[in-house]
Amino acid sequence: MPFVSTGHGPASDDDSGAGPRPSQTPVAATDLAATRRQLTEASGPNRLDAPGLRQVLVDLHEFWLTSKGAELGIKPGSGLAIVAVGGLGRGELLPHSDLDLILLYEDQSPERVSEVADGLWYPLWDANIALDHSVRTVPQALQVASEDVTAALGLLEARHIAGDEDLSSLLIGGVRQQWRSEIRTRFPAVVEHARDRWRRSGDIAHRAEPDLKNGRGGLRDVQLLGALSIAQLTDGMANLRPDSPGAGPQVAYHRLLDIRTELHRIAGRPREQVRAQDADEIGAALRLGDRFDLARVISDAARTIGYSTDVGLRTAGNALPRRGLAKLRRSPIRRPLDEGVVEHNGEIVLARNAIPSKDPGLILRVAASSARTGLPISASTLSRLADYAPELREPWPSEALGDLLVLLGSGPHMVAPIEALDRTGLWGRLLPEWGAGRDLPPRDAVHTWTVDRHLVETAVNAGAMTTRVTRPDLLLLGALIHDLGKGRGADHSIVGAELAIQVGNRIGLWPQDVTILSQMVRHHLLLPTVATRRDLDDPATAEEVVDKLGHNRLLLELLAALAEADSLATGPGVWGDWKASLINDLVRRATRLLDGEELPTPEPLTDEMIALARSDDFAVRITPTDGLHTYSVLMVAPDHPGMLSKMAGVLALNGLRSLSATVQSHENRAINSFVVVPVFGTPPEAGLLRQQLMATVDGKFSVLERLDKRERESPTPTIGTIVATPGAVAVAQGAPDDPATVAANAVPALFAVAPSRVLWTSSDLDGGVLMELRTDDRLGLLSRVSDVIEHAGVVVRWAKVATLGNTVVDTFCLVLGEDPPERRTELADAVLAVCPPPRPRTEADDDPGPASFGGSGRSGVPIS
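Every value quoted in this text rests on a predicted model; they were computed, and no experiment measured them. (Residues numbered from 1 in each chain as written. Predicted model: local features only at pLDDT ≥ 70, side-chain atom pairs only at ≥ 80, totals over all residues. Heavy atoms only, no water.)

Colleague: Tell me about a negative patch on the surface, and please be specific about residues and values.
Modeller: Taken together, the side chains of Asp535, Asp538, Glu543 and Asp547 make up a negatively charged region of the molecular surface. Among the secondary structure elements, Asp538 is positioned in the loop between helix 22 (526-533) and helix 23 (539-548). A residue is classified by how much of its surface remains accessible, and Asp538, at 34% relative accessible area, is partly exposed. (Patch = residues over 30% accessible without salt bridge, like charges linked within 9 Å, V, L, I, M, F, W, Y side chains within 5 Å. Areas by Shrake-Rupley, 256 points an atom, 1.4 Å probe, with all protein chains shown as cover. Salt bridge = Lys/Arg side-chain N within 4 Å of Asp/Glu carboxyl O. Lys, Arg positive; Asp, Glu negative; His and termini not counted. Charge placed at Lys NZ, Arg CZ, Asp CG, Glu CD. Helix = DSSP H or I, 4+ residues; strand = E, 2+ residues; numbered from the N terminus. Buried < 20%, exposed > 50% of the residue type's maximum accessible area, 1.4 Å probe, protein only.)

Colleague: So what about the packing of helix 20 (residues 492-507) against helix 21 (residues 511-522)? Which residues, and what values?
Modeller: At a minimum axis distance of 8 Å, the contact between helix 20 and helix 21 shows a crossing angle of 155°. Judged by the angle between their axes, helix 20 and helix 21 are roughly antiparallel. Considering only the axes of helix 20 and helix 21, their crossing is right-handed. Contact with helix 20, carried on its side by Ser493, Ile494, Gly496, Ala497, Ala500, Ile501, Gly504 and Asn505, involves Val514, Leu517, Ser518, Val521 and Arg522 of helix 21 and no other residues of that element. (Axes fitted to C-alpha atoms, helices over the stretch in contact; angles between N-to-C directions. Parallel < 35°, antiparallel > 145°, perpendicular 65-115°, else oblique. Left-handed = near helix turned anticlockwise from the far one by under 90°. Contact = heavy atoms within 4.5 Å.)

Colleague: Give a detailed account of the sheet that holds strand 2 (residues 99-105), specifying residues and quantitative values.
Modeller: Ordered in space as 3-2-1-4, the four strands form an open sheet in which the pairing is mixed. Bordering the open sheet on either side are strand 3 (131-136) and strand 4 (159-163), each of which pairs with just one other strand. In this sheet, neighbouring strand axes are inclined to one another by 25° on average, regardless of whether the strands run parallel or antiparallel. Contacting strand 1 (80-85), strand 2 and strand 4, helix 2 (residues 50-71) runs over the sheet at an angle of about 35° to strand 4. Strands in contact with helix 4 (residues 110-126) are strand 1, strand 2 and strand 3; relative to strand 3, the strand with the most contacts, it is inclined by about 175°. (Pairing = 2+ DSSP bridges.)

Colleague: Tell me about the environment of Arg197, and please be specific about residues and values.
Modeller: Tracing the backbone shows Arg197 in helix 7 (residues 165-201). Separated by 19 residues in sequence, Arg197 and Arg216 place their C-alpha atoms 7.9 Å apart. Non-local contacts of Arg197, meaning those with residues more than four positions away in its chain, are made with Gly202, Asn214, Gly215, Arg220, Asp221 and Leu224. Among the polar contacts listed, one links the side chain of Arg197 to the backbone oxygen of Asn214, at a separation of 3.0 Å. (Polar contact = N/O pair within 3.5 Å; in protein donor to acceptor, adjacent residues only side chain to side chain.)

Colleague: Tell me about the nonpolar core, residues and numbers included.
Modeller: One finds Met414, Trp427 and Leu527 to be the most contacted residues of the largest nonpolar core, which totals 87 residues. Looking at this core element by element, the count peaks at nine residues for helix 24 (residues 553-570). Ignoring sequence-local partners within four residues, the contact set of Leu527 consists of Val545, Leu556, Leu559, Ala560, Ile583, Leu586 and Val587. In this structure, Ala661, Ala799, Leu816 and Val834 belong to the second largest nonpolar core, which totals 48 residues. (Core = buried A, V, L, I, M, F, W, Y, C linked by side-chain atoms within 4.5 Å.)

See below:
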């Protein structure tokens, strides 16, 4: 009768193993294999759960090894020791894991070592037990660990099993001491080793058949964090908040470990990839549900571990001991980015005077700063915000909505901060409706991403289309929430439209904008469905679309862009020339049925504006608005060419970002009103702005020259150049591995996510023509654009300026005089020249996204 261990206690480091022991009679290796097989294949009441099975297997193998070792003379003080690495070393042996063993010896003859090794290995081989073995002295093992990162990471998990414990301690202590002393020089290799593994195995959270062991967010990453903790560079598996998704990396790790245990048991052999044919059985065994429920658990756990790994690598890189000149440098300086937000040591952190408990909008300002700069948010900052930041009042203040739009308009750089907020529970506070779709796998094979990541990717794509539409803010918001109704057991378009009303009201949209946002969600599938399934030559087709959209031209325009962004985020091949041509044709036909859109008109002057203009040649008035950090600025000066550029430039030089502006004149006085947000603190005194305006009009300084200098000296890093850790920077770019050097070498980011556009509309109003500029924002953009217009000899009758997140929509009523087509072209080219250029392509742009090992192209476990 084969021996069956009944021990369930924790693994022990002594030579007796863990848990209660049966009789100490030695057991043959064939009985060991039979018992292992019996435990793995047991069913019914005798079937152990995943953690219990792993513990019993550890107890069983430790008992056999200690018994066999004693039989061979591997005893305390013998100069021989058995050390386990891998699963047995960690105390988590899986049903079909290899035995990873080291036979250590000291002061033994070669004949004696050979005899003991043969006596230990051959019975295991004869019993067909997979074995990875080595025979070494302590110096030999340390030499291997110093030369091979993989071997070093394995030996850091070594555990004494039997024999001379002092000998095992020499190895275990020696490997750890060597690891700590050499980590500064070995860290780049450690990072590259992890990246190479991720390249081979992919991202677990978004793989069709995820590799639970080697993929990004998998079990190897947790072991990597343990190694960094041993090197005293991180805290290892630091817990996230209990209410955060995944409930912390330790919980996520054991979830994946249980799934891998059942995968071994069901497959009947060592396997790391979860395949479709095993998914339902694994889910049932762990009482998780079907394959879709299993996929959701895997995605959640992998994203939690992946986030913890990012934080761990970044923390380790910043904690590397400095040497030489780097050791003599002062601590990295704190560079201000926004109110209460600074950059420190290559991360986004809170300013010293920031008080999260009294500043609900701080969460979004931190996220927006991360997206704008490409810098990660410090883990301690996220933890502090999670602990102390209060809920935003409803409706949100305008500054919070603006920061959300800045985040959503940053293109690919929005993904990391949203993921960080989501893993720490902060994103769910902002959007409580997000939870139903979090880590939810799609039900069809064409989708690449989980539902929540698909929403983020759609917003990423929409960021490149903001200059196509007149309301880029609604496009970004619609992209983010268009599938929010999924996972609720009903038509997601109908449910999502109701949720869109909740979201729109909460974040502070105007009622008419809430209506459009809800209609975007309700009809986001209308254009693709009609275009691909109906006869476009039938006039009734376009009429039906127009009727469903309530004859709303803006809604049609937004849905056309959303359809493309949604398709691009679905998966490879979903958006192509055929589908694009059909939807464009349908939109053109529907547009012909709509009435001409209403042209912009100037705002009427108030009595207050006229009175201020008559009171003095130069006047500035600053008035707080309803927003916590928003102010209204009214500026009056003699009207002559260049005045708008000078006014806007003075505001920009004083750290006042223009959200909107209305440019008018009355009785040879320029009367321009601006709504501004100070980048830091409060706005300067009105008298100071008045003095600066007078000085620039008198030619005492050039605002454009000062704006250029300010932009060059900006501390904001270049978007797209910062990678995971300073150590990784050193590997990827050959730069010094000092984090302060990385931050100090940063340069301003002046790249637009969406291409800039200039649109012309003929108008009989005031004998002018309307020029609409759509572009990404830039320091002093209004000053630069108006300077170009004024230097071209063009008169600005009036202007309306709006900044919606990162995107600027400026309308100028111009008097061109002679208006040949070449004049418009030349002016448009000159205006576009001062706009941010399109973002350069990076390796991420050429990456097709998560691949599917099984060819299904979707996240989690595929449908068979």
